[in-house]
Amino acid sequence: MSKSSPKGRTLISFDWAMKRLLKQKANHGILDGFLSELFKLEVRVTDILDSESIAENEEDKTNRVDLLCKNNRGELIIIELQYYQETDYFQRMLFGASKLVLEYLHKSSPYGEIKKIYAVHIVYFHLGMGQDYVYRGRQQFTGMHRNDTLRLNHAQSRKFGGADPADLYPEYYVINICNFMDEINDTLDEWIYYFKHSKLPLGHRAMGLEQAAEQLNIDNMKPEVKEKYMKQLSGYGISEKLLEDNWFDGESEGEYKGFIRGKEEGRQEGREEGRQEGRQEGREEGREEGRQEGREEGREEGREEGLMTGAQMQLEANVISMHKHGMSVENIAEILSLAGLAKS
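This structure is a prediction, so every number in the text was calculated from the model and none was measured. (Residues numbered from 1 in each chain as written. Predicted model: local features only at pLDDT ≥ 70, side-chain atom pairs only at ≥ 80, totals over all residues. Heavy atoms only, no water.)

### Concerning the overall build of the protein
Of the regular secondary structure elements, the protein holds 10 helices and 6 strands. Burial statistics for the protein: of 344 residues in total, 41% are counted as buried. If you take every contact in the protein between residues at least 6 apart in sequence, the share linking residues at least 24 apart comes to 69%. Element-wise, carbon and sulfur atoms account for 51% of the exposed surface of the protein, whose accessible area totals about 20000 Å². (Helix = DSSP H or I, 4+ residues; strand = E, 2+ residues; numbered from the N terminus. Buried < 20%, exposed > 50% of the residue type's maximum accessible area, 1.4 Å probe, protein only. Contact = heavy atoms within 4.5 Å. Areas by Shrake-Rupley, 256 points an atom, 1.4 Å probe, with all protein chains shown as cover.)

Rendered as structure tokens:
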């Protein structure tokens with residue numbers, strides 16, 4: 001297990017590199033290295049394809065960056081980096097891959113010319129519920145009666161390559177930076193460490209990282225470019241919709257925890273009050289009323305407490321995330337004030 005470097009940020013963040021540096025052919029080796037480590041096979045990028053979102057804009061304060069490229073097998077690879085929470089992000093992943101299928105299939109072309117698509121998503125928020133930090137999604141057809149897996153026949157395999165329909169369909173990779181705990185167990189972890197900290201771990205061996213150390217070094221930037229870069233780090237914007245999504249997630253989690261806790265406390269209080277009244281009055285009605293009142297009070301108290309706790313935890317996580325990614329304390333305070341989330 002490698003140890004992390006004790007120094008601060010030394011490399012340009014990957015989103016900046018995607019927008020301005022990795023489009024250059026001389027830097028394709030950096031992408032080759034990352035994709036080879038992720039896919040566990042050798043990848044060579046041959047072209048960076050047009051994408052409106054890649055266009056350089058000095059006033060750009062969006063939190064999403066994507067890069068579309070083609071490899072030596074003619075397959076399409078989209079790399080997307082997202083900083084802030086979006087509740088419908090899974091659907092957007094689907095839309096992005098589906099849109100590429102349509103864009104790169106010419107009219108009247110046979111379906112067999114549809115290109116294999118890899119969608120790589122690097123996210124800096126908790127997407128869904130899971131403990132791992134790298135997920136792979138592939139389409140698989142499983143028999144409902146025999147539980148077998150549908151495979152390509154020999155003619156299909158010879159014509160299109162691969163053995164399963166999954167080899168033809170879009171394939172998704174999700175790298176959840178929030179779940180990465182800085183434990184480096186393989187060369188892919190070295191890349192993820194760079195995504196998280198904008199510096200390299202000591203003793204790194206991953207493909208492409210040595211070139212990244214040379215080409216993406218902050219100290220090697222021209223002064224005017226470095227000034228723009230530092231300005232972007234401190235000026236990431238966050239939309240009201242994204243704040244609402246984060247707040248919604250906090251409320252949902254809090255309400256769920258509150259309901260479970262309230263339900264359990266309600267049962268316990270209901271039993272105790274019901275037994276006590278039953279003993280004192282000798283009536284079964286008292287026991288039932290005690291249970292019911294205890295359940296209702298416990299649920300309500302637990303739900304309110306859970307809502308407040310969950311929302312507060314989500315707010316604290318958002319503030320930490322914004323500060324970690326270079327946003328100044330003043331900007332964070334201003335954002336929270338505009339959204340009505342700051343404490344009085």
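### Describing a nonpolar patch on the surface
Together, Phe 141, Leu 150 and Tyr 169 make up a nonpolar patch on the protein surface, roughly 270 Å² of accessible area in all. Note on placement: Leu 150 falls in the loop between strand E5 (134-137) and helix H4 (154-160). (Patch = residues over 30% accessible without salt bridge, like charges linked within 9 Å, V, L, I, M, F, W, Y side chains within 5 Å. Salt bridge = Lys/Arg side-chain N within 4 Å of Asp/Glu carboxyl O.)

### Brief notes about helix H3 (residues 89-103)
Along its 15 residues, H3 runs 21 Å from first to last C-alpha, staying within 8% of the 21 Å computed at 1.5 Å per residue. Among the residues of H3, those classed as buried are Tyr 89, Met 93, Ala 97 and Leu 100. In an axial view of H3, the angular spread of the buried residues amounts to 85°, which keeps them on one side of the axis. The exposed set on the far side of H3, more than 90 degrees from its buried face, consists of Gln 91, Phe 95 and Leu 102. (Expected span 1.5 Å × (residues − 1). Arc of directions from axis to C-beta.)

### Details of the confidence of the model for the protein
Per-residue confidence for the protein gives a mean pLDDT of 77, with 58% of residues at or over 70. At the level of individual helices and strands, the protein shows its lowest average pLDDT in helix H8 (residues 240-281), which scores 58, and its highest in E5, which scores 98. Within the model, the stretch residues 52-62 combines pLDDT values under 50 with 17 contacts to residues more than four positions away or in other chains. Every residue in residues 236-244 scores below 50 in pLDDT, and together they form 20 contacts with partners more than four places removed in sequence or on other chains. (pLDDT = per-residue confidence, 0-100.)

### Some remarks on the pairing of strand E4 (residues 117-123)
Of all 7 residues in E4, 7 are buried; the element is thus mostly enclosed. Along E4, one buried face is formed by Ile 117, Ala 119, His 121 and Val 123 and the opposite face, lined by Tyr 118, Val 120 and Ile 122, is buried too. Bridge count for strand E3 (residues 76-82) against E4 is 7 bridges, and the pairing is parallel. Note that in E4 the partner of Gln 82 across the bridge is Val 123. As defined by bridge partners, E4 adjoins strand E6 (residues 171-176) across 6 bridges and the pair is classed as parallel. Within the sheet, the bridge partner assigned to Ile 122 lies in E6 and is Ile 175. (Pairing = 2+ DSSP bridges.)

### Remarks on the environment of Thr 46
With respect to the helices and strands, Thr 46 occurs in strand E1 (residues 45-48). Taking C-alpha positions, Thr 46 is 8.7 Å from Gly 74, a pair spaced 28 residues apart along the chain. The residues contacting Thr 46, other than those within four sequence positions of it, are Lys 25, His 28, Lys 70, Asn 71 and Asn 72. For Thr 46, the side chain forms a polar contact with the side chain of Asp 47, separated by 3.2 Å. (Polar contact = N/O pair within 3.5 Å; in protein donor to acceptor, adjacent residues only side chain to side chain.)

### Brief notes about the pattern of salt bridges
In this structure the tally under the stated criterion is 10 salt bridges. The partner of Arg 73 in a salt bridge is Glu 75, with the nearest N and O atoms 3.2 Å apart. Classification of Arg 73 as partly exposed rests on a relative accessible area of 42%. In this structure, Lys 196 and Asp 182 form a salt bridge, with 3.4 Å as the shortest nitrogen-oxygen distance.

### Observations concerning the nonpolar core
Membership of the largest hydrophobic core comes to 45 residues, with the highest contact counts inside it found for Phe 14, Phe 34, Leu 35, Ile 79, Ile 122 and Phe 195. Contributions of two or more residues to this core are made by helix H1 (14-20), helix H2 (28-39), strand E2 (64-71), E3, E4, E6, helix H5 (187-197) and helix H6 (209-215). Setting aside chain neighbours within four positions, we find Phe 195 in contact with Phe 14, Phe 34, Ile 122, Tyr 124, Ile 175 and Ile 177. Residues Met 93, Leu 100, Leu 127 and Val 174 belong to the second largest nonpolar core, which totals 15 residues. (Core = buried A, V, L, I, M, F, W, Y, C linked by side-chain atoms within 4.5 Å.)

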